[in-house]
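# Descriptive analysis of the structure
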Amino acid sequence: MEELQVNDIFYSIQGEGKYLGEPQMFLRLQGCNFRCKWCDTREAWDGDGGVSMGMDKIIDKLKRFNCSRICVTGGEPLLQSDKLLHLLEQLKELNYSIVLETNGSMVDKEIFSLVDCVSADMKPPSSGMKSTDKILSSLKHKDQLKIIVEDKTDFDFAKDVIKRCQCICYLQPVGGINVKQVANWVLNDQLENVRVTLQLHKLMGMK
Ligand code: SF4
């Protein structure tokens, strides 16, 4: 029986991107190939951690919530791409709307075309990690890109990415930086194709 390493299954409010504020079910998969400086889900790093769960059990758990929208997140979900594809195919047959969150380190065209929205990160210099440039050309209009901004170096990095991206790019200030500062940089440079947002779930103290 095919099993996925699962960190958590829960129901919460989407705190990022174009679905901001929407109640969604979250399937957090275990294992990550990045070690971002400001990561807040370190419990999902270890690929052998969490619990092994068969597809039927995952779907049963999701069905307990009265919700048709699923956000698959991590960790990095694409580290389990073969099994994940089979799960996503079953979820699409059940008419769920699916957002796939990924750290931008890899591309899986089959999965990207199956889900309703790929929500990819482009890791900025302050993270200490590097996403692949291939993610930019893989994202379609339905998808979204998210970039954390900790300082001006991150913003300058984001500016270059925004110009090359086909979809909307969400800038998310973190750490000591003021959201107004990021907003002013965006306005000063008259950037298009961008939204300045806060991570709502953190403001609300939710996971
Ligand atoms: S990609 Fe996500 S889960 Fe992995 S280290 Fe970075 S912030 Fe944490």
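The following refers to the structure shown. In this text the structure is predicted, and so the values were computed from the model without any measurement. Each chain has its residues counted from 1, following the order in which its sequence is written. Given that the model is predicted, a residue must reach a pLDDT of at least 70 before its local features are reported, and side-chain atom pairs must reach 80 or more before they are shown or counted; all residues, however, enter totals for whole chains, interfaces and linings. Computation of side-chain values: all heavy atoms of the structure, hydrogens and water removed.

## Here we look at the nonpolar core
Ile-58, Val-72, Leu-84, Leu-87, Leu-91, Leu-145 and Leu-171 are the most contacted members of the largest nonpolar core, which has 49 residues in total. Secondary structure elements follow DSSP: runs of H or I of four or more residues count as helices, runs of E of two or more count as strands, with numbering from the N terminus. Per-element tally for this core: the top contributor is helix H2 (residues 81-93), with five residues. What makes two residues a contact is simply this: any of their non-hydrogen atoms within 4.5 Å. The residues contacting Val-72, other than those within four sequence positions of it, are Leu-27, Leu-29, Pro-77, Leu-84, Leu-88, Ile-98, Val-99, Leu-100 and Glu-101. Of all hydrophobic cores here, the second largest spans five residues; its members include Cys-32, Phe-34, Cys-36 and Cys-39. Residues enter a nonpolar core if they are buried and are Ala, Val, Leu, Ile, Met, Phe, Trp, Tyr or Cys, with the set joined through side-chain atoms within 4.5 Å. When accessible area is computed with a 1.4 Å probe and restricted to protein chains, residues below 20% of their type maximum are described as buried, those above 50% as exposed, and intermediate ones as partly exposed.

## Notes on the layout of surface pockets
Rolled over the atoms, a probe with the dimensions of a water molecule shows which regions are left empty. Every definition here rests on a 1 Å grid over the protein atoms only: cavities are sets of points where a 1.4 Å probe fits but cannot get out, pockets are open sets enclosed by protein on both sides within 12 Å along at least five of seven lines, and lining residues have some atom within 4 Å of a point. Grid points are joined across faces, edges and corners, and a volume is the space filled by probe spheres set on the points. As a volume, the largest pocket reaches approximately 760 Å³. In terms of lining, the largest pocket is formed by 38 residues, of which the most central are Glu-16, Arg-28, Asp-40, Thr-41 and Gly-74. Those elements giving two or more residues to the lining of the largest pocket turn out to be strand E1 (3-13), strand E2 (23-29), strand E5 (97-102), strand E6 (117-121), strand E7 (144-149) and helix H7 (200-203). Residue contributions to the lining of the largest pocket peak at four residues, all from E1. Residues that form the lining of the largest pocket fall into these classes: twelve nonpolar, 13 polar and 13 charged. Each residue is assigned to one of three groups, with Ala, Val, Leu, Ile, Met, Phe, Trp, Tyr, Cys and Pro labelled nonpolar, Asp, Glu, Lys and Arg labelled charged, and all others, Gly among them, labelled polar.

## Section: helix H5 (residues 152-164)
Multiplying one less than the number of residues by 1.5 Å gives the expected span of a helix. Taking 1.5 Å per residue, 13 residues should reach 18 Å; H5 reaches 19 Å between its end C-alpha atoms and fits that length. When H5 is considered as a whole, its buried residues turn out to be Asp-154, Phe-155, Ala-158, Lys-159, Val-161 and Ile-162. Buried residues along H5 sit in contact with helix H4 (134-138), E7, strand E8 (168-173), helix H6 (179-188) and strand E9 (194-196). Identification of polar contacts relies on pairs of N or O atoms within 3.5 Å, with a donor-acceptor requirement for protein atoms, meaning one able to donate a hydrogen and the other able to accept it, and with residues adjacent in sequence counted only if both atoms are side-chain atoms. Sitting at the amino-terminal end of H5 is Asp-151, which places a side-chain oxygen 3.3 Å from the backbone nitrogen of Thr-153.

## A look at the pairing of E8
With five of its six residues buried, E8 lies for the most part within the structure. Two strands form a pair only when DSSP identifies at least two bridges running between them. Sheet topology places E7 next to E8; six bridges connect them, and they run parallel. Paired with Ile-147 across the bridge in E8 is Leu-171. With the strands aimed away from the viewer, a crossover counts as right-handed if its path from the first strand over the helix to the second runs clockwise. Between the parallel pair E7 and E8, the chain is carried across by H5, and the sense of this crossover is right-handed. Here E8 pairs with E9 via three bridges, running parallel. Among the inter-strand pairings, Leu-171 is bridged to a residue of E9, identified as Val-196.

## Structural notes on the site of the ligand
Proximity is defined per residue: any heavy atom of the residue falling within 4 Å of a molecule or strand makes that residue near it. By nearness alone, every residue bordering the ligand is listed as Cys-32, Phe-34, Arg-35, Cys-36, Cys-39, Thr-41, Trp-45, Gly-75, Asn-103 and Lys-123. Cavities and pockets are treated as containing a molecule whenever more than half of the molecule's atoms lie within 2 Å of their grid points. The site holding the ligand turns out to be the largest pocket. Classifying every residue of the shell around the ligand gives five nonpolar, three polar and two charged.

## Observations regarding the sheet that holds E1
An order of E3-E1-E2-E4-E5-E6-E7-E8-E9 is seen for the nine strands of this open sheet, with the pairing classed as mixed. A single partner strand is all that each edge strand has here, and the edge strands are strand E3 (51-54) and E9. Strand-to-strand twist of the sheet, defined as the mean angle between neighbouring strand axes without regard to direction, takes the value 30 degrees. Lying over the sheet, helix H1 (residues 55-63) contacts E1, E2, E3 and strand E4 (69-73), oriented at roughly 90 degrees with respect to E3. All axes here are fitted lines through C-alpha atoms, helices being fitted over the stretch that makes contact, and every angle between N-to-C directions spans 0 to 180 degrees. Of the strands in this sheet, E7, E8 and E9 touch H5, which is tilted by about 165 degrees from E7.

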